[in-house]
Structures are given as C-alpha cells and as structure tokens.
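Below, each chain spelled out in residue letters.
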Amino acid sequence: MVGLTEMNVTYITLDGHVEIEKYRYVYFVLIFTCYSLILSSNTIVFSLIVIHKNLHEPMYIFIAALLMNSMLFSTAIYPKLMIDFLSEKQRIAFPVCLLQSFLFYSLSCSEFLLLAAMAYDRYVSICKPLKYQIIMRKTTVIILLFLAWFVPACYVLVPFAKFANLKLCSFTLKGIFCNNFVIYLFCFVSRALVIYGLVGLFNISLLPMIFILFSYSMILIVAYRSCGDVRKKATQTCLPHLLVLINYSCLLTYDTVIVRLEADISKTVRFVMTMQIIMCSPLFNPIIYGLKMKEIYKHLKRLFCCGRGKSTKQHHCQKIQDLFHDDSNIRRMWKDIQMITDYNTSSPR
C-alpha cells in the first residue's frame, strides 16, 4: 500500500519479513548482536592496522579499507532493519529506499574492487618481489583505493538518478530492505537501463573476479615452482583473500542473478538468504583476516593477552622474528643481495 505523509512522501511497504509479529524481539536481538559484533571486530582490526607501523604495508592498508567498507555496508542496512523489527508497519520512504539500494550496490561492488586490488598487491609481492617497492608506491595505493569507491559510485548513480523520475505502479517490495527488487516497483524500465545495468555488473563485478582468479592462478604457479618457504608465504597471504572472495561471491550471486530472473522462491528461503548476505561477509572478514594473517593475529594476541609473562629475552627474540617476517624487510634484503651479486658479476677480476 502507498502511504502519504504531510510532506507528500511516498512510502514503500517491505513485505519480505517472516512472522515478524511472533519473532520481532528475537530478530531484533539477533540483528543488534550481529551489528555490535561487526562494528567491534572490524574496528579492533582496523585500529591495529592504523596504530602499528609494521602494518603500514599496502596489503594491510587494503584490508583496513575492506573492513571499513564492511562497516559502511552494515550501517546502511542494520539500523533501519532494527527499527522495522520493532515497528508495527515495515515501510520506508521511497527516496530513502533509493539511497539504501544505491549504498548497498555501490559498497558491494567496492568490495570486489578492493579484493582485486589486494590480489594485484599479492601478485606483485610474490611474482615480482624486486619491483614491489617501485610498483606499489604510496601514490599507487591511494589511486587504487580512490577508484575502488569512486568508480562503483558513479556506475550505480546513473540508473538510480533515472529511477527517481520513473512512475511507480507497485508500492510493495518483496524484501526486508531495498535491493534488486526495486526495479519491480516501476511501471516501465527502459531497455537501455537494463543493458546498462548488465554492462555495469560485468565491468564492476565479473571483470574484477576474473582478474582475481587470474592473479591467484599466477601466484600458485610461481609458488609451485619455488621453494617451500615461498609456497608457505603464498598460502598464508592468499588463502584469506580467496575465502572472503568465495564467501561474498556465492552470497551476492543470489541477489544479482536469482532475483533478476524472478525465480519462484519461498518467502522463508528468500528471508534466510537475504539475512546471510548482510551478516556473513561483514562478520567473517575481521575473523578471517584476524586469525589467518600472521602479523595481525600477533598484534591481536598481544592486545588480549597484554604481553604477560614475557621476559626481556623473549621480547628481543620476538623483535628479531618480526624483522624477518616483515615483507618489506625481506624484499629489502633480497634487493641488497641482488645489488651485491650484480656488482660482483660486473666488477673486473
């Protein structure tokens, strides 16, 4: 149904909730707990990367950007969702609905581009270690971060600017927040907008995914041909990225493919799948990177264990281990060795 306020604002009814009258408080506690965990866990890992200088490497900067993207993504959905669970009527103003849908798809596409930037960073680090400092400069990192947020925002903004002027024929959305189902609210959507959406989906989602798979394939080939230490390093740094990519890709496939095909899915299954989309990735990202990335896990362990029982000797040993586990120090050592080798080769006997 359509609702008109004193300001003549059109409201959209969110019809994707399942037995909300019976389980509204269960839903609220679940979402509130999940949102609190997302904010706290992402903030802790993000703060560790910002505070500790040995984590000021491109790989960790991209991880921090990904975690911040997850927090923005969750903030665009969770507060409104909690309000709806406690409200008698689950509805949203049409302009706010468009804004929420814009943020949902813009930040979702940004996640793919950030994962692609991380894959490129790992490719250069493992496959071209001597050129890493030249390629992955501070300027390069800033440009990649800017493009990861700016390009999806521009792509997604165009159709939503058009949507704002289209006539509505339906005022009921088959979802718990504004997503792909928004297009079914309009009386008519031009073929040009549909084609634009498919091209944008290919450029911002599928192309980065193909690039990521290509980068990790090259890394695996180089690691397979190298010594055990290189294979171990490749596994430690690439496995978390692949886990995040697989998890996010599988969940987003539901929203971008099944919803567009208008598949005959029960309301309960649609509700569960939508909840997984908004919960799994933002919640699992800090857990995966916090436990699988050795340097981040080391700082997490120090944070929660407070360094109790460590002697001075153990402290110095840890410093030496940090020196050799730091990627930048290893690359610097390899560069010095290469320079000495070149000098000895070129010098007259």
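Just so you know, these numbers come straight off a predicted model, no measurement behind them.

S.K.: Go over helix H9 (residues 267–292) with me, naming the residues and quoting the values.
M.R.: For H9, built from 26 residues, the straight-helix expectation of 38 Å at 1.5 Å per residue is met to within 8% by its first-to-last C-alpha distance of 36 Å. The largest bend in H9 is about 30 degrees, located at Phe284, with the proline Pro286 one to four residues further on.

S.K.: Talk me through helix H10 (residues 294–305); I want residue IDs and the actual numbers.
M.R.: For H10, built from 12 residues, the straight-helix expectation of 16 Å at 1.5 Å per residue is met to within 8% by its first-to-last C-alpha distance of 16 Å. When H10 is considered as a whole, its buried residues turn out to be Glu295, Ile296, Lys298, His299 and Leu300.

S.K.: Explain empty space enclosed by the protein to me, using residue names and the numbers behind them.
M.R.: Taken as a whole, this structure holds one cavity of 30 Å³ or more when the rule is applied. By volume, the largest cavity amounts to about 40 Å³. For the lining of the largest cavity, the residue count by class is two nonpolar, three polar and two charged.

S.K.: Could you give me a rundown of the pairing of strand E2 (residues 10–14), with the residues and numbers involved?
M.R.: Direction of pairing for E2 relative to strand E3 (residues 91–93): antiparallel, over a ladder of three bridges. The residue bridging Tyr11 from the neighbouring strand is Ala93, located in E3. Across two bridges, E2 lies against strand E4 (residues 172–173) in parallel orientation. Looking at the pairing, Thr13 lines up with Thr172 of E4.

S.K.: Help me get a handle on unusual backbone geometry, residues and values and all.
M.R.: Even without glycine at this site, Glu19 takes up a positive phi of about 50 degrees. Following the sequence through the fold, Glu19 ends up in the loop between E2 and helix H1 (20–51). Here Glu19 falls in the partly exposed class, since its relative accessible area comes to 44%.

S.K.: Provide a residue-level description of the packing of aromatic side chains, including the pertinent values.
M.R.: If you walk through the whole model with that rule in mind, you get 16 aromatic pairs. Both rings, one in Tyr27 and one in Phe271, keep their centres 5.3 Å apart while their planes meet at 50 degrees; by these two values the pair is tilted. Residue Tyr27 is located in helix H1, and its partner Phe271 is located in helix H9; the two are separated by 244 residues in the primary sequence. Geometrically, the ring pair formed by Phe160 and Phe163 is edge-to-face, given 5.4 Å between the ring centres and 75 degrees between the ring planes. Of this pair, Phe160 and Phe163 are both found in helix H6 (residues 138–163), three residues apart, which corresponds to roughly one turn of the helix.

S.K.: Pulling in residues and values, what's your account of the pattern of salt bridges?
M.R.: All told, the structure shown has four salt bridges when counted by the stated rule. Across the salt bridge formed by Asp84 and Lys80, the nearest N and O atoms sit 2.4 Å from each other. In this pair, Asp84 and Lys80 both sit in helix H3 (residues 78–86), four residues apart, roughly one turn of the helix. On the basis of relative accessibility, which here comes to 21%, the residue Lys80 falls in the partly exposed class. Put simply, Lys298 and Glu295 hold a salt bridge, and the shortest N to O gap is 3.2 Å. Residue Lys298 and its partner Glu295 are both found in helix H10; the two are separated by three residues, about one turn of the helix. Glu295 matches Lys298 in its accessibility class, with the two residues each being buried.

S.K.: Outline the state of the cysteines, listing residues and values.
M.R.: All chains considered together, the criterion is met by two disulfides. The partner cysteine of Cys169 in its disulfide is Cys187, sulfur to sulfur 1.6 Å. Between Cys169 and Cys187 the sulfur-sulfur dihedral comes to about 100 degrees; the bridge is accordingly right-handed. Here the residue Cys169 occupies a position in the loop between H6 and E4, and Cys187 occupies one in the loop between E4 and helix H7 (191–225), the gap between them amounting to 18 residues.

Thresholds applied
- Residues numbered from 1 in each chain as written.
- Predicted model: local features only at pLDDT ≥ 70, side-chain atom pairs only at ≥ 80, totals over all residues.
- Heavy atoms only, no water.
- Helix = DSSP H or I, 4+ residues; strand = E, 2+ residues; numbered from the N terminus.
- Expected span 1.5 Å × (residues − 1).
- Bend = angle between axes of the 7 residues up to and from the residue.
- Buried < 20%, exposed > 50% of the residue type's maximum accessible area, 1.4 Å probe, protein only.
- 1 Å grid on protein atoms, 1.4 Å probe; cavity = no way out; pocket = protein on both sides within 12 Å on 5 of 7 lines; lining within 4 Å.
- Points joined across faces, edges and corners; volume = space filled by probe spheres on them.
- Nonpolar A, V, L, I, M, F, W, Y, C, P; charged D, E, K, R; others polar.
- Pairing = 2+ DSSP bridges.
- Phe/Tyr/Trp six-rings, centres within 6.5 Å; stacked < 30°, edge-to-face > 60°.
- Salt bridge = Lys/Arg side-chain N within 4 Å of Asp/Glu carboxyl O.
- Disulfide = S-S within 2.5 Å.

No statement about biological role is implied by the geometric values presented.
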